[in-house]
Amino acid sequence: MERRQAEIPPRGERLYEGKAKVVYATSDPGLVRIYFKDDATAFDGRKRGTIGNKGRLNARISAHLFRVVEAAGVPTHLVAVAGEQELLARRVEIIPLEVVVRNVVAGSLARRLGLEPGRVLEEPVVELYYKRDDLGDPLINRAHVRLLGLATPEELDRIEAMALAVNRALRVYLAQRDLILVDFKLEFGRTGDGLLLADEISPDTCRFWDRETGEPLDKDRFRRDLGGVEDAYAEVWRRLEATA
Ligand code: C5P
């Protein structure tokens, strides 16, 4: 639920810094503050840049979409918007899995399986990647998850069910805003009382295509040097905010 600014605990020590976010402890041991950076990276960090306003836009877009999935019954780590480009969130133990859900062929699915980008999938495809920068985040299966001890079979069932529920909720919500949800990546975290959807849901971690033109309104504009990156992120926020 929304907290008033006065109830947001101040930043404590820096716990973790990733490519796009910094996580800070707070005076409450169960809560963290997540700062969204303007830095952008792609291709395992080999391409770097900054996208103006990205931190602010991604914090807002993520908070908005976390609320949409919460309303559909998927618990998330979001507690409140904590400032210009920061969220207050439940502290979780991140499971080192990247869970990708796809509705339309694009990106690595097109490359790996030789499929035509843009083909609409009859059923969503869920993929698991091992979150290990030094290994290049390899595609793995359930047996590998067990072998590596990343999650129990019960946790994995729950994670896949939550990922598909997120997909159902976001697809419909975004379609009403003339955005096609092509694919996206989720991360999950453990708390003392179960699994939560964590990380972010933003144009950095999703492919959004404009329904009319098919134009990407996401990080592919940065990856593929298409220009208009900041405008695309702002356009996604504009379409969400218009109906907030
Ligand atoms: O590159 P690929 O086609 O596998 O990406 C699938 C989806 O997952 C895209 O929406 C992409 O933005 C997201 N993704 C991500 N972080 C990664 C890899 C993929 O957010 N490390």
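Just so you know, these numbers come straight off a predicted model, no measurement behind them.

Asker: So what's going on with the overall build of the chain? Residues and values would help.
Answerer: Assigned secondary structure in the chain consists of six helices and 14 strands. Computed over C-alpha atoms, the radius of gyration of the chain comes to 17 Å, within 12% of the 18 Å expected from 2.2 N^0.38 for 244 residues, which places it in the range of a compact globule. Viewed in the frame of its principal axes, the chain has a C-alpha envelope of about 50 × 45 × 35 Å. Within the chain, the fraction of its 244 residues that count as buried is 52%. As displayed, the chain has an accessible area near 11,800 Å², and 49% of this comes from carbon and sulfur atoms. The averaged location of the 41 negative side-chain charges in the chain is 1 Å from the averaged location of its 39 positive side-chain charges.

Asker: Tell me about the packing of aromatic side chains, and name the residues and values.
Answerer: Each aromatic ring pair is characterised by the separation of its centres together with the angle its planes make. Taken as a whole and assessed by the stated rule, the structure comprises zero aromatic pairs. Over the ring of Tyr-24 we find Arg-11; its NZ or CZ atom is 4.1 Å from the centre of that ring. Lying over the aromatic face of Phe-36, Lys-21 brings its terminal NZ or CZ to 5.8 Å of the ring centre.

Asker: Provide a residue-level description of the site of the ligand, including the pertinent values.
Answerer: The ligand sits among 16 residues. The nearest are Arg-102, Ser-108, Asp-183, Arg-207 and Arg-223. A distance of 3.4 Å is found between an oxygen atom of the ligand and a backbone nitrogen or oxygen belonging to Thr-205. One of the side-chain nitrogen or oxygen atoms of Arg-223 is found 2.9 Å away from an oxygen atom of the ligand. Within the complex, 81% of the 460 Å² of free accessible area of the ligand lies under protein.

Asker: How would you summarise the sheet that holds strand E6 (residues 78-83) if you had to cite specific residues and measurements?
Answerer: If you walk across this open sheet you meet the five strands as E1-E2-E3-E7-E6, and the pairing is antiparallel. What marks the edges here is a single partner per strand, and that holds for strand E1 (11-17) and E6. Neighbour-to-neighbour, the strand axes of the sheet open up by a mean angle of 30°, direction not taken into account. Pairing of E1 with strand E2 (residues 21-26), which is carried by four bridges, proceeds in the antiparallel orientation. If you follow Arg-14 over to E2, its bridge partner there is Tyr-24. The sheet strands contacting helix H1 (residues 54-71) are strand E3 (31-36), E6 and strand E7 (86-90), and the helix crosses E6 at an angle near 155°.

Asker: Can you lay out the packing of H1 against helix H6 (residues 229-241) for me, pointing to particular residues and giving the numbers?
Answerer: For the pair H1 and H6, interaxial distance at closest approach is 10 Å and the crossing angle is 30°. Of the possible angle classes, the one that applies to H1 and H6 is roughly parallel. Here the hand of the crossing between H1 and H6 comes out left-handed. Of the residues in H6, those touching H1 at Lys-54, Leu-57, Asn-58, Arg-60, Ile-61, His-64 and Leu-65 are Glu-230, Tyr-233, Ala-234, Val-236, Trp-237 and Leu-240. For the contact of H1 with H6, the per-class residue count stands at eight nonpolar, two polar and three charged.

Asker: Mind laying out the domain arrangement of the chain, listing which residues take part and the relevant values?
Answerer: Domains assigned within the chain are domain 1 (5-90) and domain 2 (93-227). Spacing between the C-alpha centres of domain 1 and domain 2 amounts to 18 Å. Contact with domain 1, which involves 28 residues of that partner, is made by 28 residues of domain 2. Taking both partners together, domain 1 and domain 2 bury about 2,300 Å²; carbon and sulfur atoms supply 63% of that area. Joining domain 1 to domain 2, the criterion identifies six salt bridges. Between Arg-90 and Asp-193 there is a salt bridge; the shortest N-O distance is 3.2 Å. At the surface where domain 1 touches domain 2, the tally comes to 15 residue pairs in polar contact (both at pLDDT 80 or more). Contributions of two or more residues to the side of domain 1 that touches domain 2 are made by strand E4 (39-42), strand E5 (47-50) and H1.

Asker: Describe the pattern of salt bridges, listing the residues and the values that go with them.
Answerer: If you walk through the whole model with that rule in mind, you get 34 salt bridges. For Arg-142, the salt bridge is made with Asp-157, and the minimal N-O distance between the two is 2.9 Å. Residue Arg-142 is located in helix H3 (residues 142-148), and its partner Asp-157 is located in helix H4 (residues 153-175); the two are separated by 15 residues in the primary sequence. Look at Arg-142 and you get partly exposed, because its relative accessible area is 35%. Glu-235 is the salt-bridge partner of Arg-238, the closest N and O atoms lying 2.8 Å from each other.

The rules behind each value
Residues numbered from 1 in each chain as written. Predicted model: local features only at pLDDT ≥ 70, side-chain atom pairs only at ≥ 80, totals over all residues. Heavy atoms only, no water. Helix = DSSP H or I, 4+ residues; strand = E, 2+ residues; numbered from the N terminus. Rg over C-alpha atoms; globule rule 2.2 N^0.38 Å. Buried < 20%, exposed > 50% of the residue type's maximum accessible area, 1.4 Å probe, protein only. Areas by Shrake-Rupley, 256 points an atom, 1.4 Å probe, with all protein chains shown as cover. Lys, Arg positive; Asp, Glu negative; His and termini not counted. Charge placed at Lys NZ, Arg CZ, Asp CG, Glu CD. Phe/Tyr/Trp six-rings, centres within 6.5 Å; stacked < 30°, edge-to-face > 60°. Lys NZ or Arg CZ within 6 Å of the ring centre and 35° of its normal. Near = heavy atom within 4 Å. Polar contact = N/O pair within 3.5 Å; in protein donor to acceptor, adjacent residues only side chain to side chain. Pairing = 2+ DSSP bridges. Axes fitted to C-alpha atoms, helices over the stretch in contact; angles between N-to-C directions. Contact = heavy atoms within 4.5 Å. Parallel < 35°, antiparallel > 145°, perpendicular 65-115°, else oblique. Left-handed = near helix turned anticlockwise from the far one by under 90°. Nonpolar A, V, L, I, M, F, W, Y, C, P; charged D, E, K, R; others polar. Domains from an automatic or database assignment. Buried area = accessible area lost by both parts, 1.4 Å probe. Salt bridge = Lys/Arg side-chain N within 4 Å of Asp/Glu carboxyl O.

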